[in-house]
Amino acid sequence: MEIIVKENYQEMSLYTAEMVADLVRRKPDCVIGFATGRTPVGTYQELIRLHKAGLDFSGIRAFNLDEYLGIGRDMSKPYDQDQSYARFMYEELFRHINVKEENIHIPDGLAKDPDAFCAAYEQEISKAGGIDLQILGIGGDGHWGFNEPGASLSSRTRVENLTAQTLDDNYEAFYRKAGIPREQMPTQAITMGIGTILEARNLIMIANGSKKAGIIAKALQGPVTSAVTASAIQLYTGKAVVVLDREAASALRNLK
Ligand code: PGA
């Protein structure tokens, strides 16, 4: 695992976007795993800028990590204002680049049979040839996607119950400003499993801010444990790059 420490959020985002852009230039039909959350917003803004400057996303295939259960983008209806991760991805990235609609895959929080959907999602990833680069944040409770503490490190795409900490974090990040009461937040999600994530050929994990310092130190340098599912990065055998700002890196030991 390579750890890159950047001075601030902006530099972290530029560096990450450049890694993604490199892949898109080298392999125009690459398969990219996208993440939601506050952390990747700057990266996506930079990718939009690169697209305006000519970067072509028309061949890429996109697979998102996760989605709340019970909400999602109903493709048959006009664009709406739910807090789904589908809406987030369209607003923050997909609407602004030339990725083809048929190449966008986001777990369907409105699936009638979520278990069957999860199995089919795994098959879709395999059919696409696997994920070339998975972008990951890290939750305050150490999650990757919505793989909450206790999730098996070999887990596959499935329905997961969200922890109180995740609900609190996401309420603050997204729901409060939309005026949605916390009680109305979905409490379950569909998420790629840790086993699914570890099969990607490359990982890029990003984190910023002092609030992430403790959990980053646990994930990267603590014991590998399902109590911090992102610690699975230590088991990963492909190429993993962790891009942090100085604050998120501040609790790491022996940084070169
Ligand atoms: P955040 O979420 O980027 O909003 O901090 C990260 C995550 O939950 O993976």
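Read on for a plain summary of the structure. Note that the structure is predicted; figures quoted are calculated from it, not measured. Every chain is numbered on its own, with residues counted from 1 as its sequence reads. Totals for whole chains, interfaces and linings use every residue, but because this is a predicted model, local features are given only for residues with pLDDT of at least 70 and side-chain atom pairs only at 80 or more, for both listing and counting. Just so you know, side-chain values use all the structure's heavy atoms and leave hydrogens and water out.

### With respect to the packing of aromatic side chains
Note on ring pairs: Phe, Tyr and Trp rings are taken, using the six-membered ring of Trp, and paired if centres are within 6.5 Å. Classes follow the plane angle, with under 30 degrees stacked, over 60 edge-to-face and the rest tilted. A full pass over the atoms with the stated rule returns ten aromatic pairs. Aromatic side chains Phe-34 and Phe-94 sit 5.5 Å apart centroid to centroid with 85° between the ring planes, which places their arrangement in the edge-to-face category. Taken as a pair, Phe-34 in strand S2 (residues 31–34) and Phe-94 in the loop between helix H3 (85–92) and strand S5 (104–105) lie far apart in primary sequence, 60 residues in all. Relative accessible area decides the class of each residue, using a 1.4 Å probe on protein chains only: under 20% of the type maximum gives buried, over 50% gives exposed, and in between gives partly exposed. Classification of Phe-34 by relative accessible area gives buried; the value is 1%. Classification of Phe-94 as buried rests on a relative accessible area of 4%. Counting every residue linked through ring pairs, the aromatic cluster contains Phe-34, Tyr-44, Tyr-90 and Phe-94. Labels follow the DSSP assignment, with helices taken as runs of H or I lasting at least four residues and strands as runs of E lasting at least two, numbered in each case from the N terminus.

### Here's the deal with the pattern of salt bridges
For this analysis, a salt bridge means a side-chain nitrogen from Lys or Arg found within 4 Å of a carboxyl oxygen belonging to Asp or Glu. Counted according to the given criterion, the structure contains 13 salt bridges. The salt bridge involving Glu-18 is made with Arg-25; its shortest N-O contact spans 2.9 Å. With relative accessibility at 33%, the residue Glu-18 sits in the partly exposed group. Several salt bridges share partner residues, and in doing so they unite Glu-18, Asp-22 and Arg-25 into one network.

### Examining the sheet that holds strand S1 (residues 2–6)
Pairing between two strands is assigned when DSSP locates at least 2 bridges connecting them. Taken in spatial order, the seven strands line up as S1-S10-S9-S6-S2-S3-S5 in an open sheet, and their pairing is parallel. The open sheet has two edge strands with one neighbour each: S1 and S5. Note: strand S3 (residues 61–64) against S5, two bridges, orientation parallel. Pairing of Ala-62 across the sheet is with Ile-104, part of S5.

### Some remarks on unusual backbone geometry
The residue Asn-254 is not glycine, and still its phi comes out positive at about 55°. Here Asn-254 is to be found in the segment after strand S10 (239–245). Owing to a relative accessible area of 74%, Asn-254 belongs among the exposed residues under this scheme.

### A word on the packing of helix H1 (residues 9–26) against helix H2 (residues 41–52)
The description of two helices packed together rests on the angle between their axes and the distance between the axes. Relative orientation of the contacting elements H1 and H2 amounts to 50°, with a least axis distance of 8 Å. Relative to H2, the element H1 lies oblique. H1 and H2 meet at a crossing whose hand is right-handed. Along its contact with H1, which presents Tyr-9, Ser-13, Leu-14, Thr-16, Ala-17, Glu-18, Val-20, Ala-21 and Arg-25, the element H2 presents Val-41, Gly-42, Thr-43, Glu-46, Leu-47 and Leu-50. Only the contacting stretch of a helix is used when fitting its axis, a line to C-alpha atoms as for every element, and angles between N-to-C directions run 0 to 180 degrees. For classification purposes, angles smaller than 35 degrees are called roughly parallel, those larger than 145 roughly antiparallel, those between 65 and 115 roughly perpendicular, and all remaining angles oblique. When the near helix sits turned anticlockwise from the far one by under a right angle, the crossing is termed left-handed; a clockwise turn instead gives a right-handed crossing. Contact between two residues is taken to exist if any of their heavy atoms lie within 4.5 Å; hydrogens are not considered.

### Observations concerning the site of the ligand
Gly-37, Arg-38, Thr-39, Gly-137, Ile-138, Gly-139, His-143 and Lys-212 make up every residue found near the ligand. Pairs of N or O atoms within 3.5 Å make up the polar contacts considered here, provided that, within protein, one atom can donate a hydrogen while the other can accept it, and that residues adjacent in sequence are counted only when both atoms are side-chain atoms. One of the side-chain nitrogen or oxygen atoms of His-143 is found 2.6 Å away from an oxygen atom of the ligand. At a separation of 2.6 Å, an oxygen atom of the ligand approaches a polar side-chain atom of Lys-212. Computed with a 1.4 Å probe, the accessible areas rest on the Shrake-Rupley method; for each residue, only the protein chains presented here act as cover. Bound to the protein, the ligand loses 89% of the 280 Å² it would expose on its own. With respect to the pocket detection grid, the ligand is positioned in the largest pocket. We call Asp, Glu, Lys and Arg charged. Ala, Val, Leu, Ile, Met, Phe, Trp, Tyr, Cys and Pro are nonpolar, and the rest, Gly among them, are polar. Classifying every residue of the shell around the ligand gives one nonpolar, five polar and two charged. Residue proximity to a molecule or strand is established when one non-hydrogen atom of the residue lies within 4 Å of it. Cavity: a set of points on a 1 Å grid over the protein atoms alone where a 1.4 Å probe fits but cannot get out. Pocket: an open set with protein on both sides within 12 Å along at least five of seven lines, its lining residues, like those of a cavity, having an atom within 4 Å of a point. Molecules are considered to sit inside a cavity or pocket once more than half of their atoms lie within 2 Å of its grid points.

### Things to note about the nonpolar core
Throughout, nonpolar core names a set of buried Ala, Val, Leu, Ile, Met, Phe, Trp, Tyr and Cys residues whose side chains join them through atoms within 4.5 Å. Counting residues in each nonpolar core, the largest one holds 87 residues, and the members touching the most others are Phe-34, Phe-94 and Trp-144. The dominant element in this core, judged by the number of residues it contributes, is H1, at seven residues. Beyond its immediate chain neighbours, meaning those up to four positions away, Trp-144 contacts Leu-136, Gly-137, Thr-191, Ile-194, Ile-197, Leu-198, Leu-203, Met-205, Thr-229, Ala-230, Ala-232 and Ile-233.

### Examining the layout of surface pockets
Grid points are joined across faces, edges and corners, and a volume is the space filled by probe spheres set on the points. One number sums up the size of the largest pocket: a volume of about 560 Å³. Lining the largest pocket are 28 residues; nearest its centre among them are Arg-38, Thr-39, Ile-138, Gly-139 and Lys-212. If you tally residues by element for the lining of the largest pocket, the top one is helix H5 (residues 164–175), at five residues.

### Some remarks on H5
In this analysis, the expected span of each helix is defined as 1.5 Å times one less than the number of residues it contains. Here H5 contains twelve residues, and its C-alpha end-to-end distance of 14 Å is more than 12% below the 16 Å for a straight helix at 1.5 Å per residue. Here H5 has its buried residues at Thr-166, Leu-167, Asn-170, Tyr-171, Ala-173, Phe-174 and Tyr-175. Close packing links the buried residues of H5 with strand S4 (66–68) and H3.

### Looking at the environment of Gly-109
Mapped onto the fold, Gly-109 is located in the loop between S5 and helix H4 (114–127). What Gly-109 contacts, discounting residues up to four positions off in sequence, is Glu-67, Tyr-68, Leu-69, Gly-70 and Ile-71.

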